[in-house]
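Structure assessment
Below, each chain spelled out in residue letters.
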Amino acid sequence: MDTRKPLDGQASATMLVLCAIWGLQQVAIKAVAHDIAPILQIGLRSGVAALLVWLLMRWRKEDMALTHWRPGLAVGALFGVEYLLVGEGLRFTSASHMVVFLYTAPIFVALGLHWKLPAERLSPVKWMGIGLAFAGIVFTFFGRAASPTAGASSHVLLGDVLGLLAGVAWGATTVVVRTSSLARVSAAQTLLYQLVAACVLLLGAAWALGQTAIHATPLVGAVMLYQSLVVSFASFLVWFWLLRGYLASRLSVFSFLTPLFGMGFGVWLLHEPLEPGFVAGAVCVLAGVVLVSSDGWLRLGFKKQPV
């Protein structure tokens, strides 16, 4: 029997913090892209985080046997491909565009789990919430698309497509985790599979593509520490812990807030223009999140009381 539960106050607050962390991630990568290639950044951070996760598992005396290597290999490959697409996409498009397209992943998660797991079935209200949130993200993107962007439009389009494909890969990763034996192992073990695969794949890609040059600066050091310790280590561990205790479709749709944080950080740190399309899209996304997150509470509130 699936014991995962809807979001409560603790999970909602935790997801809010995670959304802010992940929203800043793309902006941080883009900020130092001229000094260190994005795929090299992500490959190095994955290696550091993998070492930290391994040490954590040793300290906790967790089972490190590779008994779940088949689904582990699958999620590791998907995770590596996701961030390869993100890293390459950020060479062509803005951080704001990337975060919008990457976080279409909850749509693929919710749809995939709707068909795979009875506990994750989407009610009409949740369908409405997903549709509204997705429409908000699309509207936010097209609201910014009319603005001038760096580079040729064809290059921007390529980066946007890579971001969307990264969202598909992330969604597929979550579905595999939830529907395979990895759903019963520790969050650290699942994360270790992903980080090791990402490190190998991305460092290999950086070498093959000739993107191994590093121009060391204090900002590069700060960004790499943030990505390694906060993003790849701490935040992903918390994410997998949430996946084991709460309904994944609720968590994934809640993460629609991340693009809003990402675009907000882009305005603040990268001086990207704030446009009316962003505000309108934000309203739609937040409305969709409220619909999906509050569906269970609405049913509880209107339930007929016993006589």
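Refer to the preceding data block for the structure.
Overview of the structure. (Residues numbered from 1 in each chain as written. Predicted model: local features only at pLDDT ≥ 70, side-chain atom pairs only at ≥ 80, totals over all residues. Heavy atoms only, no water.)

1. Quick notes on the overall build of the protein chain
Per the secondary structure count, the protein chain includes twelve helices and zero strands. For the protein chain, the proportion of its 307 residues judged to be buried stands at 54%. Long-range contacts, defined here as pairs at least 24 residues apart, represent 88% of the contacts in the protein chain between residues at least 6 apart. As presented, the protein chain carries roughly 13900 Å² of accessible surface, and 74% of it is formed by carbon and sulfur atoms. (Helix = DSSP H or I, 4+ residues; strand = E, 2+ residues; numbered from the N terminus. Buried < 20%, exposed > 50% of the residue type's maximum accessible area, 1.4 Å probe, protein only. Contact = heavy atoms within 4.5 Å. Areas by Shrake-Rupley, 256 points an atom, 1.4 Å probe, with all protein chains shown as cover.)

2. With respect to the nonpolar core
Judged by nonpolar contacts, the single largest core of 68 residues is most densely connected at Met15, Trp22, Val53, Val86, Trp239 and Leu251. Beyond its immediate stretch of four places on either side in the chain, Val86 contacts Gln26, Ile42, Met98, Leu102 and Ala166. (Core = buried A, V, L, I, M, F, W, Y, C linked by side-chain atoms within 4.5 Å.)

3. Section: the pattern of salt bridges
For the coordinates displayed, the defined rule picks out two salt bridges. Measuring nitrogen to oxygen at the nearest pair gives 3.2 Å for the salt bridge that ties Glu62 to Arg60. One salt bridge in this structure joins Arg91 and Glu88, with 2.9 Å as the shortest N-O distance. Of the residues examined, Arg91 reaches a relative accessible area of 44% and is grouped as partly exposed. Look at Glu88 and you get buried, because its relative accessible area is 14%. (Salt bridge = Lys/Arg side-chain N within 4 Å of Asp/Glu carboxyl O.)

4. Quick notes on the packing of helix α3 (residues 69–89) against helix α8 (residues 187–208)
In contact at an axis separation of 7 Å, α3 and α8 are set at 45° when each is read in the N-to-C sense. In terms of orientation, α3 lies oblique with respect to α8. Judged by the sense of rotation from one axis to the other, the crossing of α3 with α8 is right-handed. Listed contacts from α8 to Trp69, Gly72, Val75, Gly76, Ala77, Phe79, Gly80, Val81, Tyr83 and Leu84 of α3 are Tyr193, Gln194, Leu195, Ala197, Ala198, Leu201, Leu202 and Ala205. Here the contact of α3 with α8 is composed, by residue class, of 14 nonpolar, four polar and no charged. (Axes fitted to C-alpha atoms, helices over the stretch in contact; angles between N-to-C directions. Parallel < 35°, antiparallel > 145°, perpendicular 65-115°, else oblique. Left-handed = near helix turned anticlockwise from the far one by under 90°. Nonpolar A, V, L, I, M, F, W, Y, C, P; charged D, E, K, R; others polar.)

5. Notes on the environment of Ala205
Within the secondary structure, Ala205 sits in helix α8. By relative accessible area, Ala205 is classed as buried at 14%. Apart from residues no more than four positions distant in its own chain, Ala205 is found in contact with Ile39 and Leu84.

6. Topic: helix α11 (residues 257–269)
Counted at 1.5 Å a residue, the expected span for α11 with its 13 residues is 18 Å, and the 18 Å between its end C-alpha atoms agrees. Among all positions of α11, only Leu257, Thr258, Pro259, Leu260, Gly262, Met263, Phe265 and Gly266 are buried. Looking one or two residues past α11, His271 carries a phi angle of roughly 60°, positive in sign. (Expected span 1.5 Å × (residues − 1).)

7. Thoughts on the packing of aromatic side chains
Going through the model one piece at a time under the given rule, you end up with eight aromatic pairs. Considering the side-chain rings of Trp22 and Trp170, the 6.2 Å spacing of their centres and the 90° angle between planes classify their relative orientation as edge-to-face. A residue pair is termed long-range when its members are at least 10 positions apart, and Trp22 in helix α1 (residues 9–31) and Trp170 in helix α7 (residues 153–179) qualify at 148 residues. By relative accessible area, Trp22 is classed as buried at 1%. You can call Trp170 buried: its relative accessible area is 13%. An aromatic cluster of at least three residues, connected via ring pairs, comprises Trp22, Phe79, Tyr83, Trp170, Phe236 and Trp239. Against the face of Tyr83 rests Arg45, its NZ or CZ located 4.8 Å from the ring centre. (Phe/Tyr/Trp six-rings, centres within 6.5 Å; stacked < 30°, edge-to-face > 60°. Lys NZ or Arg CZ within 6 Å of the ring centre and 35° of its normal.)

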